[in-house]
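Listed below are the residues making up each chain.
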Amino acid sequence: MAYDLEEQEQLENIKAWWRQYGNFLTWLLIACLLAFAGWNGWKYWERKQAGEAAVLYEQVLKAAEARDAERVKRAAGDLEQKYGRTAYGPMSALVAAKVLYEAGDLAAAKVQLQWAIDHGDGEYAHLARIRLAGVLLDEKAYDQGLALLKDEPPAAFVALYADRRGDLLAAQDKRDDARRAYQQALDKLSANDAGMRQIIQFKLDALGTA
């Protein structure tokens, strides 16, 4: 009998606890299930976006291989408009900018590179800055090019930034500043970058001694 009373007391305690916290736990469980469903839905949407973007990116690459500047521009524009938030967006912009630059359409190349700077993450944005500074060098817009490279980049891009700054400064006949930039580039390059070291050293030697 005492055992039955103890069980009944435990049951009453459980019922009281459920009356106090049951509603909260039910809503918490619903929220967790909704969050899990939302996360799965988001991942599915991301995979779908990436798959569709990959198809368009393939079109960009084929147009680039054929050196068809107009088709590259259209395909890249479509990809950036529809799937610009995927990694294929800035990748496409960099490919398109190269083709357009080689075709002599500097204005369109600059648009693509600026898009990659504005929308790209990490290495894509930094590569776009370096390449856009190169286009501005061709256009003799030296100060604009230097402004693009004024901030300190991640370690992997320090040498590339310094090398491009050296090009811009040398074009302005600021020889001492250019020497310092090229020297910084050499100091930051790894021993494996023998080809680039040779090019930068050649540019540094061409400036003559201080």
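Residues numbered from 1 in each chain as written. Predicted model: local features only at pLDDT ≥ 70, side-chain atom pairs only at ≥ 80, totals over all residues. Heavy atoms only, no water.

Caption draft 1: Highlighting the nonpolar core. Grouped together as the largest cluster of nonpolar side chains are 34 residues, with contacts concentrated most on Leu113, Leu148, Leu149 and Leu168. When residues are assigned to domains, this core turns out to be shared by domain 1 (20-120) and domain 2 (126-209), each giving three or more. Residues contacting Leu148, with those up to four places away along its chain left out, are Ile117, Arg129, Leu132, Ala133 and Leu136. (Core = buried A, V, L, I, M, F, W, Y, C linked by side-chain atoms within 4.5 Å. Buried < 20%, exposed > 50% of the residue type's maximum accessible area, 1.4 Å probe, protein only. Domains from an automatic or database assignment. Contact = heavy atoms within 4.5 Å.)

Caption draft 2: Representation of the pattern of salt bridges in the model. All chains considered together, the criterion is met by 13 salt bridges. When the shortest N-O distance is used, the salt bridge between Arg71 and Asp68 registers 3.4 Å. The exposure class of Arg71 is partly exposed, given its relative accessible area of 32%. Glu102 is the partner of Lys98 in a salt bridge, and the nearest nitrogen-oxygen pair spans 2.8 Å. (Salt bridge = Lys/Arg side-chain N within 4 Å of Asp/Glu carboxyl O.)

Caption draft 3: Representation of the packing of helix α4 (residues 106-119) against helix α5 (residues 123-138) within the structure. Put simply, α4 and α5 touch, their axes get as near as 8 Å, and they point 155 degrees apart. In terms of their interaxial angle, α4 and α5 are classed as roughly antiparallel. Taken as a pair, α4 and α5 cross one another with a handedness that is left-handed. Contacts between α4 and α5 involve Leu106, Lys110, Leu113, Gln114, Ala116 and Ile117 from the former and Ala125, Ala128, Arg129, Arg131, Leu132, Val135 and Leu136 from the latter. Residue composition of the contact of α4 with α5, grouped by class: nine nonpolar, one polar and three charged. (Axes fitted to C-alpha atoms, helices over the stretch in contact; angles between N-to-C directions. Helix = DSSP H or I, 4+ residues; strand = E, 2+ residues; numbered from the N terminus. Parallel < 35°, antiparallel > 145°, perpendicular 65-115°, else oblique. Left-handed = near helix turned anticlockwise from the far one by under 90°. Nonpolar A, V, L, I, M, F, W, Y, C, P; charged D, E, K, R; others polar.)

Caption draft 4: Geometry of the packing of aromatic side chains. Tallied over the entire structure, the rule returns one aromatic pair. When the centroid spacing of 5.4 Å and the interplanar angle of 50 degrees are considered together, the rings of Tyr57 and Tyr88 count as tilted. Taken together, the positions of Tyr57 in helix α1 (residues 2-65) and Tyr88 in helix α3 (residues 88-102) put the pair 31 residues apart, joining distant regions of the chain. Exposure remark for Tyr57: the relative accessible area of 13% places this residue in the buried category. (Phe/Tyr/Trp six-rings, centres within 6.5 Å; stacked < 30°, edge-to-face > 60°.)

Caption draft 5: Local environment of α4. Between the first and last C-alpha of α4 there are 20 Å, a value that for 14 residues agrees with the 20 Å anticipated at 1.5 Å per step. Residues of α4 that are buried in the fold lie against α2 (69-83), α3, α5 and α6 (142-148). (Expected span 1.5 Å × (residues − 1).)

Caption draft 6: A look at helix α8 (residues 175-188). Taking 1.5 Å as the rise per residue, α8 with 14 residues should run 20 Å; its terminal C-alpha atoms sit 20 Å apart, in good agreement. Those residues of α8 that sit buried are Ala178, Arg179, Ala181, Tyr182, Ala185 and Leu186. Down the axis of α8, the sector holding all buried residues measures 165 degrees, keeping them to one side. Residues of α8 that are exposed and angled more than 90 degrees away from the buried face: Arg180, Asp187 and Lys188. The elements touched by buried residues of α8 are α7 (158-171) and α9 (194-206). (Arc of directions from axis to C-beta.)

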